[in-house]
Number of protein chains: 2
Amino acid sequence: MHEEASRVFGFTRGGYTRGFTLDGLDVTLHVDGVGTKTLVLERLGRLRVAGWDCVVMNTNDVACDNYRPVALVDYVALPSSDERLFREVVEGVAEAAKRLGVVVLGGETAILPGLARGVDVVCTVLGVRERRVENLAHPGDVLYGLPSNGLHANGYSLVRKVVEERLGGDYRAVVKGVDLAEELSKPVADYTGFLLDAWREELIKAAAHITGGAYTKLLRILPPGARAVLEMPRAPRIFEFLLEEGVPVDEAYRVFNMGFGLVVAAPGSNEDALRRLAEKHGYRLVRLGVVERGERGVEIHTPYSDKPIVYTG
Amino acid sequence: MHEEASRVFGFTRGGYTRGFTLDGLDVTLHVDGVGTKTLVLERLGRLRVAGWDCVVMNTNDVACDNYRPVALVDYVALPSSDERLFREVVEGVAEAAKRLGVVVLGGETAILPGLARGVDVVCTVLGVRERRVENLAHPGDVLYGLPSNGLHANGYSLVRKVVEERLGGDYRAVVKGVDLAEELSKPVADYTGFLLDAWREELIKAAAHITGGAYTKLLRILPPGARAVLEMPRAPRIFEFLLEEGVPVDEAYRVFNMGFGLVVAAPGSNEDALRRLAEKHGYRLVRLGVVERGERGVEIHTPYSDKPIVYTG
């Protein structure tokens, strides 16, 4: 199609967003939804988390490219009119927007009988930036992770399959010490403030939000001739539980964040300053690996398999 | 909820949008989706129309408040990965965006097994304007309609009910001279260029895009102390057909556009210039009524009932 070139299909080298200049302002629009996590949250009576997640997923993404989120609109689709469910979602949106200083400019509620079986929650964020960044790691950079808050909002189709097929569909069960209701309703961690500070202080070269596609997202921040090599620590209990329940290791690192919701690339000389900044924002900074010269790709050593997982492309 | 005040729930006096100033630029974000029309379009193999509609519904809305649409992102949800359906939709988005001169900044494709039963298509548009307009009609203004292109993208839940319950669910039937497949897959008319020209030339005082809620939308452009009185002509065949198939008259004017997708308010002295402008954009201009002093409300005289339909609120 003639206009295909103007679209962004998933991967964009150097970042998460496509921006343009509007009367001298460097702006972006970014859209993302919570996906099938809402099906689990609705069951657990915690749809407020869907509203929160929807905002934070987007603001984390745009902040990876140094855009400050300034405004948003939300879209909530429901199979039938349900004021209570709707309220839960928009309260979560409002809470996140307030925390992040983002104006909620409006929203659309769509009642979609025959089309929606559950609640779909989508946000679009407008971001602006004062300084363009390439968002590319370079050989010699160190890769650091910031801990996630559980599963975040990705991998829920796979998680639901595990719960339905292996655990009898009980989302409130406590299995092998894992409280499913608690684990499956944790909100997405907010890295936005950390990222904007890190860019402003010029402490990082690149940032990858570990969402859909998980560690394949690192490909986005690698230029040709650079490869990422990670030595991952043991993952938090929920991820080891999912491995125990039959999720293959290579699939796990392609679907789940495995303990880190954000990976940044920075010169090792910035480590102390970066650690202090992360701690100021409530996060530990964990050294995960390095960027080396070589064929563009990601190599992940995990405690769960002898051979490394490799992504190229 | 503490943040409720920052949300726009449907009606905003004076317009369709909520805007804000960003470094001196008057901008808005606006989100809208195609709704259950996609279920019919998918059946008819015409999902490309959903992509078109999604863009034009949004650009018509923002242009009612004199915002020029400049960029958009789309969101397409599917029950399972289907490259063909997805392509159809985004080709329609690209076609409309090109026609309107709007940059497609990106998009999100969500695969939602268990949540989506059909294709959901949503767009968010970024608009900017050089001149603020109140978008309010005043007593003495004349109300003019611009013809719609069939049903546009509203009322499909009701249309589907009629087809399923009264016509055996055959969306390709020709009934009483009505070719359902053709009628139900017509794209939304593009009023964006006309509206921006009409605002620039200061020919109109207010504009109402007749979408969800149909003629109740006129309440949006009426200040306190002003009432709209419309003398509607006979509606195009598809609407009379729906009346014949049992849709009550008052419901029809609250759900369907009944032949006019846009209503503008203007001083009668602008009529000739406004007519020329409409014709330049390919539309007839039809005088539908007047704005009078009185209790705020809408009074619609139709060829299909003795008593007028009245909306207040």
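Analysis parameters
Residues numbered from 1 in each chain as written. Chains lettered and ligands numbered in written order. Predicted model: local features only at pLDDT ≥ 70, side-chain atom pairs only at ≥ 80, totals over all residues. Heavy atoms only, no water. Phe/Tyr/Trp six-rings, centres within 6.5 Å; stacked < 30°, edge-to-face > 60°. Helix = DSSP H or I, 4+ residues; strand = E, 2+ residues; numbered from the N terminus. Buried < 20%, exposed > 50% of the residue type's maximum accessible area, 1.4 Å probe, protein only. Expected span 1.5 Å × (residues − 1). Contact = heavy atoms within 4.5 Å. Polar contact = N/O pair within 3.5 Å; in protein donor to acceptor, adjacent residues only side chain to side chain. Least-squares fit on C-alpha atoms with pLDDT ≥ 70 in both. Axes fitted to C-alpha atoms, helices over the stretch in contact; angles between N-to-C directions. Parallel < 35°, antiparallel > 145°, perpendicular 65-115°, else oblique. Left-handed = near helix turned anticlockwise from the far one by under 90°. Nonpolar A, V, L, I, M, F, W, Y, C, P; charged D, E, K, R; others polar. Buried area = accessible area lost by both parts, 1.4 Å probe. Salt bridge = Lys/Arg side-chain N within 4 Å of Asp/Glu carboxyl O. Pairing = 2+ DSSP bridges. 1 Å grid on protein atoms, 1.4 Å probe; cavity = no way out; pocket = protein on both sides within 12 Å on 5 of 7 lines; lining within 4 Å. Points joined across faces, edges and corners; volume = space filled by probe spheres on them.

*Asks:* Would you mind showing me how to read the packing of aromatic side chains here?
*Replies:* Any pair of aromatic rings gets described here by the distance separating the centres and the angle formed by the planes. Residues and elements named next belong to chain A. One pass over the full model with this rule turns up 6 aromatic pairs over all chains. Taking the centre distance of 6.2 Å and the plane angle of 55° together, the rings of Phe-239 and Phe-256 count as tilted. You can see Phe-239 sitting in helix H7 (residues 237–244) and its partner Phe-256 sitting in the loop between helix H8 (249–255) and strand S11 (260–266), a full 17 residues away along the chain. On the basis of relative accessibility, which here comes to 1%, the residue Phe-239 falls in the buried class. A relative accessible area of 1% means that Phe-256 is categorised as buried.

*Asks:* Whenever I open this one, helix H3 (residues 83–100) of chain B confuses me. Can you help?
*Replies:* For an α-helix the count is 3.6 residues per turn, leaving residues at separations of three or four pointing the same way. All names here are of chain B. With 18 residues, H3 extends 25 Å between its outermost C-alpha atoms, agreeing within 8% with the 26 Å of an ideal straight helix rising 1.5 Å per residue. Listed in full, the buried residues belonging to H3 are Leu-85, Phe-86, Glu-88, Val-89, Val-90, Gly-92, Val-93, Ala-94, Ala-96, Ala-97 and Leu-100. For H3, the secondary structure elements touched by its buried residues are helix H1 (37–43), helix H2 (48–64), strand S3 (68–78), strand S4 (103–111), strand S5 (120–129) and helix H6 (192–200). Measuring from the backbone nitrogen of Arg-84 back to the side-chain oxygen at the start of H3 gives 3.1 Å, which picks out Asp-82 as the cap. Directly after H3, the chain includes Gly-101, whose backbone phi takes a positive value near 70°.

*Asks:* Got a minute to help me understand the relation of the copies chain A and chain B in this structure?
*Replies:* The operation relating the two chain copies consists of a rotation about an axis and a shift along that axis. Superposing chain A onto chain B requires a rotation of 180° together with a translation of 0.0 Å along the rotation axis, leaving an RMSD of 0.0 Å. The transformation relating the two chain copies, once decomposed into turn and shift, fits a two-fold axis. Relative to the rotation axis, the C-alpha of Ala116(A) is the closest in chain A, positioned 2.4 Å from it. In this assembly the copies share their binding face: 100% of the residues contributing to the interface of chain A also contribute to that of chain B.

*Asks:* What is the right way to read the packing of H2(B) against H3(B) from this model?
*Replies:* The geometry of a pair of packed helices is captured by two quantities: the angle between their axes and the separation between those axes. Residues and elements named next belong to chain B. Contact geometry of H2 with H3 gives a least axis separation of 6 Å together with a crossing angle of 40°. Comparing the axis directions of H2 and H3 gives the class oblique. The chirality of how H2 crosses H3 is right-handed. Contacts between H2 and H3 involve Arg-48, Gly-51, Trp-52, Val-55, Val-56 and Thr-59 from the former and Glu-88, Val-89, Glu-91, Gly-92, Val-93, Glu-95, Ala-96, Ala-97, Arg-99 and Leu-100 from the latter. For the contact of H2 with H3, the per-class residue count stands at 8 nonpolar, 3 polar and 5 charged.

*Asks:* Hey, could you run me through the side chain of Lys37(B) in this one?
*Replies:* Residue and element names in this part refer to chain B. For Lys-37, the position within the fold is in helix H1. Here Lys-37 falls in the buried class, since its relative accessible area comes to 0%. Apart from residues no more than four positions distant in its own chain, Lys-37 is found in contact with Val-49, Asp-53, His-152, Ala-153, Tyr-156, Leu-184, Lys-186 and Pro-187.

*Asks:* Quick question: what am I supposed to make of the interface of chain A and chain B here?
*Replies:* It is common to report an interface's size as the accessible area lost on association of the parts. With 57 residues of chain A at the interface, the matching set in chain B holds 58 residues. The contact between chain A and chain B buries some 5000 Å² in all, and 66% of this surface belongs to carbon and sulfur atoms. For the pair chain A and chain B, the interface holds 0 salt bridges. Our count for the contact surface shared by chain A and chain B stands at 9 residue pairs in polar contact (both at pLDDT 80 or more). Of all elements in the fold, only strand S1 (19–22), strand S2 (25–33), helix H1 (37–43), strand S3 (68–78), helix H3 (83–100), strand S4 (103–111), strand S5 (120–129) and helix H4 (156–166) of chain A reach the threshold of two or more residues within the side of chain A that touches chain B.

*Asks:* I'm lost on the sheet that holds strand S10 (residues 226–231) of chain B in this one. Help?
*Replies:* Strands in a sheet are paired, the pairing made by backbone hydrogen bonds, and the direction either parallel or antiparallel. All names here are of chain B. With mixed pairing, 7 strands are arranged side by side in an open sheet as S9-S11-S6-S12-S10-S13-S14. Two strands in the sheet have a free side with no partner beyond their single neighbour: strand S9 (206–209) and strand S14 (309–312). Taking each pair of neighbouring strands and ignoring which way they run, the sheet shows an average axis angle of 20°. Pairing geometry for S9 and strand S11 (residues 260–266), over 4 bridges, is antiparallel. Paired with Ala-208 across the bridge in S11 is Val-263. The strands touched by H2 are S9 and S11; relative to S9, the strand with the most contacts, the crossing angle is about 160°. In the packing of H6 onto the sheet, the strands contacted are strand S6 (142–147), S9 and S11, and the crossing angle to S11 comes to about 0°.

*Asks:* Explain the sheet that holds S5(B) here, please?
*Replies:* All names here are of chain B. The strand order across the open sheet formed by 5 strands is S1-S2-S5-S3-S4, and the pairing between neighbours is mixed. Each of the sheet's edge strands pairs with one partner strand only, and the pair in question is strand S1 (19–22) and S4. Ignoring strand direction, the axes of neighbouring strands in this sheet form an average angle of 20°. Where S1 lies against strand S2 (residues 25–33), 4 bridges are found, and the strand directions are antiparallel. By the bridge assignment for S2, Leu-22 is matched with Leu-25. Each of S3, S4 and S5 touches H3; the most contacted strand, S3, lies at about 175° to it.

*Asks:* Would you mind showing me how to read empty space enclosed by the protein here?
*Replies:* Where empty space is left becomes clear once a probe the size of a water molecule has been rolled over the atoms. The final tally for this structure, using the stated rule, is 2 cavities of 30 Å³ or more. Within this model, the largest cavity holds a volume of roughly 40 Å³. Along the walls of the largest cavity sit Ala77(A), Leu112(A), Leu115(A), Ala116(A), Asp120(A), Leu112(B), Leu115(B), Ala116(B) and Asp120(B), which together make up its complete lining. Taken together, the residues that form the lining of the second largest cavity break down as 4 nonpolar, 4 polar and no charged.

*Asks:* Help me understand the pairing of S1(B) in this model?
*Replies:* Looking along a regular strand, one sees the side chains alternate between the two faces of the sheet. Burial along S1(B) is one-sided: Phe20(B) and Leu22(B) are buried, while Gly19(B) and Thr21(B), pointing the other way, are not. Connecting S1(B) to the next strand, S2(B), in antiparallel fashion are 2 residues, including Asp23(B) with a positive phi near 50°.

*Asks:* Can you walk me through the environment of Gly92(B) in this structure?
*Replies:* Residue and element names in this part refer to chain B. The residue Gly-92 is located in helix H3 in this model. Taking C-alpha positions, Gly-92 is 33 Å from Val-249, a pair spaced 157 residues apart along the chain. When neighbours within four sequence positions are excluded, Gly-92 is seen to be in contact with Arg-48, Gly-51 and Trp-52.

*Asks:* How should I be thinking about the environment of Val73(A) in this particular structure?
*Replies:* Its location among the elements puts Val73(A) in strand S3. The exposure class of Val73(A) is buried, given its relative accessible area of 1%. Linking Val73(A) and Thr124(A), residues 51 residues apart in sequence, is a C-alpha distance of 5.5 Å. Residues within four places of Val73(A) in sequence aside, it is in contact with Leu105(A), Gly106(A), Val122(A), Cys123(A), Thr124(A), Leu29(B), Val31(B) and Thr124(B).

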